[in-house]
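Working through the structure, step by step
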Amino acid sequence: MSNAPVNSGRRRFLTLSTAVVGGVGAVAVAVPFLKSWSPSAKAKAAGAPVEVDISKIEEGQLIRVIWQGKPVWVVRRGAETLNKLTEIEALLRDPGSQEPQQPAYIKDNHRSIKPEIFVAVGLCTHLGCSPTYLPDGFGDQVEGVEAGFFCPCHGSKFDMAGRVFKSVPAPYNLVVPPYTYLDDNLLLVGADEGVA
Ligand code: FES
């Protein structure tokens with residue numbers, strides 16, 4: 001070990017220099033960290049409402065859009081399908097939509113603003129698989145039901161208003177997202193009625 005006298009002025013200078021370099025480093029690290037916390041335009045867009053032109057959707061047809069990373073179905077239902085919604089209520093777990101699976105303005109057994117246009121998040125309320133649209137019904141599994149949605153993961157079934165059948169794993173009806181109409185043919189998914 002050296003016995004040379006310690007130059008206290010030089011030591012203070014070195015300590016100060018280290019502190020300054022350390023400070024710069026902390027700032028340099030903090031900037032990208034803070035940047036990563038501010039929502040990017042892409043992230044904001046991912047949560048934004050989505051416009052859907054419903055003018056070309058034919059009776060019985062289902063189209064899919066993505067809203068907040070989730071599949072959203074838009075289906076045009078015919079008069080016969082709407083009539084069936086009342087007839088099959090004895091088969092359903094929550095036919096009157098008592099559970100809060102839809103905005104307050106989604107009422108009646110058709111669970112939609114315009115009766116003919118059904119909008120729902122296409123994810124099963126059991127464990128989140130995406131059910132399959134069965135426009136020709138469930139066959140022998142549920143006789144007399146004209147059309148609906150079948151979840152291939154564990155066999156849950158939903159009617160044409162996304163209402164869950166009794167005795168299946170899914171506990172709730174499909175979620176109806178907030179939405180509104182910008183005009184007769186333009187739907188805005190992700191915005192509450194009156195907000196758009
Ligand atoms: S995830 Fe649909 S029945 Fe289980």
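For the structure given in this document, a descriptive report is provided here. As the structure is a computational prediction, the values presented were derived from the model and not from experiment. (Residues numbered from 1 in each chain as written. Predicted model: local features only at pLDDT ≥ 70, side-chain atom pairs only at ≥ 80, totals over all residues. Heavy atoms only, no water.)

**Observations concerning the overall build of the protein chain**
- Counting its secondary structure elements, the protein chain contains 3 helices and 9 strands.
- Secondary structure of the protein chain in N-to-C order comes out as α-α-β-β-β-α-β-β-β-β-β-β.
- Per-residue burial for the protein chain yields a buried fraction of 36% across its 196 residues.
- Within the protein chain, counting contacts between residues at least 6 apart in sequence, those at least 24 apart form 56% of the total.
- Looking at the protein chain as shown, the accessible area adds up to about 11,400 Å², and 58% of this sits on carbon and sulfur atoms. (Helix = DSSP H or I, 4+ residues; strand = E, 2+ residues; numbered from the N terminus. Buried < 20%, exposed > 50% of the residue type's maximum accessible area, 1.4 Å probe, protein only. Contact = heavy atoms within 4.5 Å. Areas by Shrake-Rupley, 256 points an atom, 1.4 Å probe, with all protein chains shown as cover.)

**A closer look at the nonpolar core**
- Grouped together as the largest cluster of nonpolar side chains are 35 residues, with contacts concentrated most on Ile54, Val74, Val75, Val119, Phe149 and Leu187.
- Secondary-structure elements contributing two or more residues to this core are β1 (50–53), β2 (62–67), β3 (70–76), β4 (117–121), β8 (179–183) and β9 (186–189).
- Broken down by element, the residue count for this core peaks at 5 residues, all from β4.
- If sequence neighbours within four positions are ignored, leucine 187 has contacts with Val50, Glu51, Val52, Ile54, Val74, Val119, Tyr179, Thr180 and Tyr181.
- Counting 6 residues, the second largest nonpolar core, distinct from the first, contains Ile88, Leu92, Phe138 and Phe165. (Core = buried A, V, L, I, M, F, W, Y, C linked by side-chain atoms within 4.5 Å.)

**Some points on the packing of aromatic side chains**
- Counted by the stated rule, this structure contains 5 aromatic pairs.
- A ring pair is formed by tryptophan 73 and phenylalanine 149, whose centres lie 4.5 Å apart and whose planes are at 20 degrees; its orientation type is stacked. You can see tryptophan 73 sitting in strand β3 and its partner phenylalanine 149 sitting in strand β6 (residues 148–150), a full 76 residues away along the chain. In this pair, the class of tryptophan 73 matches that of phenylalanine 149, namely buried.
- Taken together, a centroid distance of 6.5 Å and an interplanar angle of 40 degrees make the contact between phenylalanine 118 and phenylalanine 149 tilted. Pair noted here: phenylalanine 118 is in strand β4 and phenylalanine 149 is in strand β6, with a separation of 31 residues, a long-range link. You'll find phenylalanine 118 and phenylalanine 149 in the same group, each marked buried.
- Through a chain of ring-to-ring contacts, three or more aromatic side chains come together here, namely Trp73, Phe118, Tyr133 and Phe149.
- For the cation-ring pair, lysine 114 lies above tyrosine 181, with the distance from its terminal atom to the ring centre recorded as 4.6 Å. (Phe/Tyr/Trp six-rings, centres within 6.5 Å; stacked < 30°, edge-to-face > 60°. Lys NZ or Arg CZ within 6 Å of the ring centre and 35° of its normal.)

**Considering the state of the cysteines**
- Per the counting criterion, the structure on display carries 1 disulfide.
- The disulfide partner of cysteine 129 is cysteine 153, and the gap between their sulfur atoms is 1.9 Å. Torsion about the S-S bond of the cysteine 129 and cysteine 153 cystine: about -95 degrees, corresponding to left-handed handedness. With cysteine 129 in the loop between β4 and β5 (132–134) and cysteine 153 in the loop between β6 and β7 (157–158), this pair connects stretches of sequence that are 24 residues apart.
- By relative accessible area, which is 36% here, cysteine 153 ends up partly exposed. (Disulfide = S-S within 2.5 Å.)

In short, the description is geometric, and any link to function would need to be established separately.
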